[in-house]
Number of protein chains: 2
Amino acid sequence: MFSAGHHRILSALTRLGPMSRTDLARHLDLSKASVSTFVRDLIGRGVLRELELVFGQGRPSVMLGLCSDAASFVGISLHADPATVVLADPHGRVLARRVLPREADPERCFEALAAAVAAVRQEAGVEAGETAGIGVAQPGFVSRDRRICLASAALGWVDVDVAGRLSALTGLPVFIENDANALILGEQLFGPSGDCPDFSLVFVGDGIGSAHIVNGRLHRGHHGGAGELSHSPIAFDSQNALPCRCGNRGCLETVSSLQAIRGAARRAGLPADIATLATLAADGNPEALAILHRAGSALGIALAQLVQMFDPSQVVLMLDPALKESVFGIVLRQEMDNHVLRRSGVKTALILRGSEHETFATGAASLAAQHYLFGSNCT
Amino acid sequence: MFSAGHHRILSALTRLGPMSRTDLARHLDLSKASVSTFVRDLIGRGVLRELELVFGQGRPSVMLGLCSDAASFVGISLHADPATVVLADPHGRVLARRVLPREADPERCFEALAAAVAAVRQEAGVEAGETAGIGVAQPGFVSRDRRICLASAALGWVDVDVAGRLSALTGLPVFIENDANALILGEQLFGPSGDCPDFSLVFVGDGIGSAHIVNGRLHRGHHGGAGELSHSPIAFDSQNALPCRCGNRGCLETVSSLQAIRGAARRAGLPADIATLATLAADGNPEALAILHRAGSALGIALAQLVQMFDPSQVVLMLDPALKESVFGIVLRQEMDNHVLRRSGVKTALILRGSEHETFATGAASLAAQHYLFGSNCT
DNA sequence: GGAATTGGTTTATCAATCGAAATAAGACAC
DNA sequence: GTGTCTTATTTCGATTGATAAACCAATTCC
């Protein structure tokens, strides 16, 4: 449908925002002639449109942008229960959403999801463009061709043909991806970090997930399990290192995940609720402080290691808002700063974000958007 | 000189070894027609030549290989004192070598190096092809355009225009690179790991260096300092964490580098020589055992973290042969296995290599070879 | 001695891209 | 106002990269 030239132009406009034909030629290292013909074609197809004029010295430049009704993309997050289904436009704006219980049985889950997909498409109506595809973000491992869920402990699935079944039920192309990877791809496509060729994303939920963009591309690793921060051996030589579900002891996940924090609170006889715990700590409760301190410190060290190893231009950390403001957040930064070898005064930016559930779904939608905008050559 | 098509063919033949035109077409996803024309051209230029026939079912295929006299490449290693200068052919074979003291003063250093370059070129004589360029491997940070040494603690250099000066003295194009990066690029181009899109390399010398190939390309990171394993906070909460030259305490380098091991030996009243220490440990000396155990264990944990984060298909570890066979090597593997989360039974291969000084120089030569073979689009 | 099989070349053709010239649309000086 | 300057965009051949399909070549297999 689109050629490589088309894809490059769409890619630049999506990631870097509206720009003129001449800007595009500069950015993509193409001749103005080529850009002109491609753009004419894309405008003719209703994918691009001319925006406002920008006045400078000579002739004003015509900014170009994606038509928001050029296409729409379904994003499904199975990251947590309940699952989320959204319909997004080419800018990553959510046009409609559904929240539904995450069924354990694959087939029933797919049926429920297919119904939700139909619902969001109907709700968005003609405003939205043709639906181009479905992206699915799910915890666990995904096959190399991104069609099959190889293993997901959280879902209890093994070798489930997610793409095949969902595609059969909806008639749309389906692309699946690990939840952390979907999140960072969404950030790259729709978020403000799109132009960074090297950045990392970490989220603290029940578990801890992470993903990395290296040289502008997602780093999947040889076994498809790159960037696993959660089983970093952080507290391995402490006397109270806890066993982890991975079989080792002292993994980051056993200290800094929400589950770990809640568990530690329970064991200390405190309420196992993050917000309450944060309030207690703010009021000076020593046990609450100790728990959050330990969790934040461990995560800070792990982030320092991440920065040392990957040297990203920035790290996006998605965090429960309550944690963000507590000792956790403060100690985290301190410990990270302590353990990062400062080179030439440059400090890697740590960007704290509140973790919203829908972010996973828009990340998932970005998978479908990627295929629409960039073709299949975006590994 | 060469076009993108040429470069792709040369790249495949260098990295993957000799193959037929049809193999090339398959590998590069090109039509047989295109391959044919490119190959004809390259043979005409004396870069490629037809090797033996391989007989199968139908018509036998003509294997193609690089002419070893197509070009030659100078490699300079400033990794340690003395410096090494080699002349290598397109297969990475060393045609001539010189070892010379590493001068502290940049200008005198360059003059000595230029003389050595002339010497190796003369020694190799007409057997070797036209010298295509010079690669320099040096400890420390290198500018983004790979021409200037921004800072090197080991050399005591700050903002030295290595490429400019050496180029002026020799009349050849010069490409510089961090020592670890040069090493892994050499491994990728000339070594047996060329076809792995994701692998890591770590070397234990006076310091500890590491580099990573991700998605088939060198991972430099945003500040050009990616993959720094040596300042991983490994022993940070031990009571005897040593201060590191980076300003922190308990870095991997303070425990597992050769310097650290020698230091620990001296403090324990043992001979500060790695080989002797290894022998002592083999004979059951408890202090020697403890030092090597601690060093190996720390490196093992760091490698486990590396594997968790990068998920490479293999890790190449370059080590002093004496260490390889000692407790160090054994504990290293154990600790690494303990801390790597095994997924689906696949184990990341750890390849131990004896570290030879010349390897850095051939790695440096590969920088020039890359530019000759693949053009400048190989960031 | 054919038939089958695989490797490599020729030819006509398509599509991407470029450079340079032409055209458009403003700002700016006077 | 008017002409000049600057920058944006389009038009127009020309070039290059790559292809498919047909063809020729060199073997093995039966």
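Before going into details, it helps to say that this report is about the structure given with it. (Residues numbered from 1 in each chain as written. Chains lettered and ligands numbered in written order. Predicted model: local features only at pLDDT ≥ 70, side-chain atom pairs only at ≥ 80, totals over all residues. Heavy atoms only, no water.)

**Describing the relation of the copies chain A and chain B**
- Rotating chain A by 180° and translating it 0.0 Å along the rotation axis places it on chain B, where the RMSD comes to 0.1 Å. What the superposition gives is, in effect, a two-fold axis relating one chain to the other. Among all residues of chain A, the one whose C-alpha sits closest to the rotation axis is Val 214 of chain A, at a distance of 3.7 Å.
- Of all interface residues in chain A, 100% are interface residues in chain B too; the two copies therefore contact each other through one and the same surface. (Least-squares fit on C-alpha atoms with pLDDT ≥ 70 in both. Contact = heavy atoms within 4.5 Å.)

**Observations regarding the side chain of Ser 366 of chain B**
All names here are of chain B.
- Tracing the chain through its elements places Ser 366 in helix H13 (residues 357–374).
- A relative accessible area of 0% places Ser 366 in the buried class.
- Reaching out from Ser 366, the side chain makes a polar contact with the backbone oxygen of Gly 363 at a distance of 2.6 Å.
- Residues in contact with Ser 366, not counting those within four places in the same chain, are Ala 182, Leu 185, Gly 186, Leu 189 and Phe 190. (Helix = DSSP H or I, 4+ residues; strand = E, 2+ residues; numbered from the N terminus. Buried < 20%, exposed > 50% of the residue type's maximum accessible area, 1.4 Å probe, protein only. Polar contact = N/O pair within 3.5 Å; in protein donor to acceptor, adjacent residues only side chain to side chain.)

**Some words on the protein's contact with DNA strand C**
- Around DNA strand C lies a shell of 25 residues, among which Ser 31 of chain A together with Thr 22, Ser 36, Gly 58 and Arg 59 of chain B are the nearest.
- Counting only atoms of DNA strand C within 4 Å of the protein, the fraction found in sugar and phosphate groups is 66%.
- Ser 31 of chain A is positioned such that a nitrogen or oxygen atom in its backbone is 2.5 Å from a phosphate oxygen of DNA strand C.
- The contact in question runs from a phosphate oxygen of DNA strand C to an N or O atom on the side chain of Arg 40 of chain B, over 3.3 Å.
- At the level of elements, helix H3 (32–44) of chain A together with helix H2 (21–28), helix H3 (32–44) and strand E2 (61–66) of chain B are the ones that each hand at least two residues to the surface near DNA strand C.
- In terms of residue count, H3 of chain B provides more of the surface near DNA strand C than any other element does, four residues in total.
- Here the residues of the surface near DNA strand C are counted per class, giving eight nonpolar, 11 polar and six charged. (Near = heavy atom within 4 Å. Nonpolar A, V, L, I, M, F, W, Y, C, P; charged D, E, K, R; others polar.)

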